[in-house]
Amino acid sequence: MAEILNTALLQANLEWEKIEDNKALFERKIKELPQETDLIILPEMFSTGFSMNAENLAEPDKGPTFKWMQKMASEKDAAVTGSLIISDGGNFYNRLYFVYPDGASQKYDKRHTFTLAKEDETYAFGRERLIVEYKGWKICPLVCYDLRFPVWARNTEDYDLLIYVANWPAARVVAWDALLKARAIENMSYCIGLNRVGRDGSDLNYVGHSAVYDCLGKQISSNLQETEFTELVKLNKQDLIETRSQLKFLQDRDRFTITDLEEE
């Protein structure tokens, strides 16, 4: 088990629908990270921006950008996660990959497609939550709009780290700040939100505010940044264990299962 998980947050200005340009940007940033990095987090739809142009931008499952993620993970000996536009089985998905240093991977399809932007009219929604096990840590990676739905994130598996990758616009960044902190507190888990900056092709503005909170809701990353930045944050498993041992709030949680998923 890794008592310290060195986690890199890459907050960046995405080039609208320019896959190769965005991969080149992140490759430069990744190569600049220290060798002791364990986990690298990229934004939602990091290769394109939050686009509904899936017919022209979608890649097959485990296609070229996924293979690029494998390359980055291998070269840095670190896990890499972020979401892409994927075509699979006749549907488009906003699919998050968690890629291990050895090239193995797991995937999560965004459960809550963003109806305000008509994401639901382009992308099929996911039906299963993912819990990743990595270096002795249990990690729950989710995507953007999932943040508004606490039942989907409820810590029924005793995960240690909750991650949201996002394209969350400036107009609602106050909600982003508040909900990330709330998810950390209610789930007694580290919580990371990784957002983008800049303006996209739909003229939406993004101001980042990527952040890391501990299980009591204390921000342990730097002040909320509104420009491109990279930050390495150390997560301490022993601190989490001791706090949970002293404050046994998760033992009093409601027991439930989600069984009523609507049909597409």
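The structure contained in this document is the topic of the report that follows. (Residues numbered from 1 in each chain as written. Predicted model: local features only at pLDDT ≥ 70, side-chain atom pairs only at ≥ 80, totals over all residues. Heavy atoms only, no water.)

### Here's the deal with the side chain of Thr7
- Mapping Thr7 onto the fold places it in strand 1 (residues 4-11).
- Apart from residues no more than four positions distant in its own chain, Thr7 is found in contact with Leu39, Ile41, Ile192, Glu231, Leu232, Val233 and Leu235. (Helix = DSSP H or I, 4+ residues; strand = E, 2+ residues; numbered from the N terminus. Contact = heavy atoms within 4.5 Å.)

### Quick notes on empty space enclosed by the protein
- Under the defined criterion, the tally for this structure stands at one cavity of 30 Å³ or more.
- Roughly 30 Å³ of internal volume is contained in the largest cavity.
- Taken together, Ile19, Ser47, Thr48, Leu57, Glu59, Thr65, Leu84 and Ile85 make up the full set of residues lining the largest cavity.
- Within the lining of the largest cavity, the residues separate by chemical class into four nonpolar, three polar and one charged. (1 Å grid on protein atoms, 1.4 Å probe; cavity = no way out; pocket = protein on both sides within 12 Å on 5 of 7 lines; lining within 4 Å. Points joined across faces, edges and corners; volume = space filled by probe spheres on them. Nonpolar A, V, L, I, M, F, W, Y, C, P; charged D, E, K, R; others polar.)

### Describing a nonpolar patch on the surface
- A contiguous nonpolar surface patch, about 250 Å² in accessible area, is contributed by Val151, Phe256 and Ile258.
- Its place among the elements puts Phe256 in the segment after helix 6 (237-246).
- Residue classification places Phe256 among the partly exposed residues on the basis of a relative accessible area of 33%. (Patch = residues over 30% accessible without salt bridge, like charges linked within 9 Å, V, L, I, M, F, W, Y side chains within 5 Å. Areas by Shrake-Rupley, 256 points an atom, 1.4 Å probe, with all protein chains shown as cover. Salt bridge = Lys/Arg side-chain N within 4 Å of Asp/Glu carboxyl O. Buried < 20%, exposed > 50% of the residue type's maximum accessible area, 1.4 Å probe, protein only.)

### Points about unusual backbone geometry
- The backbone of Asp77 sits at a positive phi, close to 50°, despite the residue not being glycine.
- Positionally, Asp77 belongs in the loop between helix 3 (64-76) and strand 4 (79-88).
- The backbone of Met188 shows a phi angle near 45°, a positive value even though the residue is not glycine.
- With relative accessibility at 1%, the residue Met188 sits in the buried group.

### Concerning the packing of aromatic side chains
- Enumeration according to the criterion identifies ten aromatic pairs in this entry.
- Here the aromatic residues Phe26, Phe46 and Trp68 are joined through ring pairs into a cluster of three or more.
- Directly above the aromatic system of Tyr93 lies the positively charged group of Arg95, at a separation of 5.0 Å from the ring centroid.
- Positioned above the aromatic ring of Trp137 is the side chain of Lys237, whose terminal nitrogen or guanidinium carbon lies 5.5 Å from the ring centre. (Phe/Tyr/Trp six-rings, centres within 6.5 Å; stacked < 30°, edge-to-face > 60°. Lys NZ or Arg CZ within 6 Å of the ring centre and 35° of its normal.)

### Side note on the environment of Lys110
- Relative to the elements of secondary structure, Lys110 occurs in the loop between strand 6 (105-109) and strand 7 (132-134).
- Placed 18 residues apart in sequence, Lys110 and Glu128 show a C-alpha to C-alpha distance of 9.1 Å.
- Residues within four places of Lys110 in sequence aside, it is in contact with Glu44, Phe50, Asn94, Glu119, Ala124, Phe125, Gly126, Val143, Cys144, Tyr145 and Asp146.

### Considering the nonpolar core
- Ranked by size, the top nonpolar core spans 49 residues in total, and within it Leu39, Ile139, Leu161 and Leu235 carry the most contacts.
- The residues contacting Leu161, other than those within four sequence positions of it, are Leu5, Leu39, Lys138, Ile139, Cys140, Ser189, Tyr190, Cys191, Ile192 and Leu235.
- Listed in part, the 22 residues of the second largest apolar core include Ala12, Leu14, Phe46 and Phe66. (Core = buried A, V, L, I, M, F, W, Y, C linked by side-chain atoms within 4.5 Å.)

### Remarks on the sheet that holds strand 9 (residues 161-165)
- With mixed pairing, five strands are arranged side by side in an open sheet as 7-8-9-10-13. Edge positions in the open sheet fall to strand 7 and strand 13 (211-213), since each of these has one partner strand only. Between one strand axis and the next, the sheet turns through 20° on average, direction left out of account.
- Of the strand pairs in this sheet, strand 8 (residues 137-143) and strand 9 are connected by five bridges, and their pairing is parallel. (Pairing = 2+ DSSP bridges. Axes fitted to C-alpha atoms, helices over the stretch in contact; angles between N-to-C directions.)

This is a description of form; function is not addressed.
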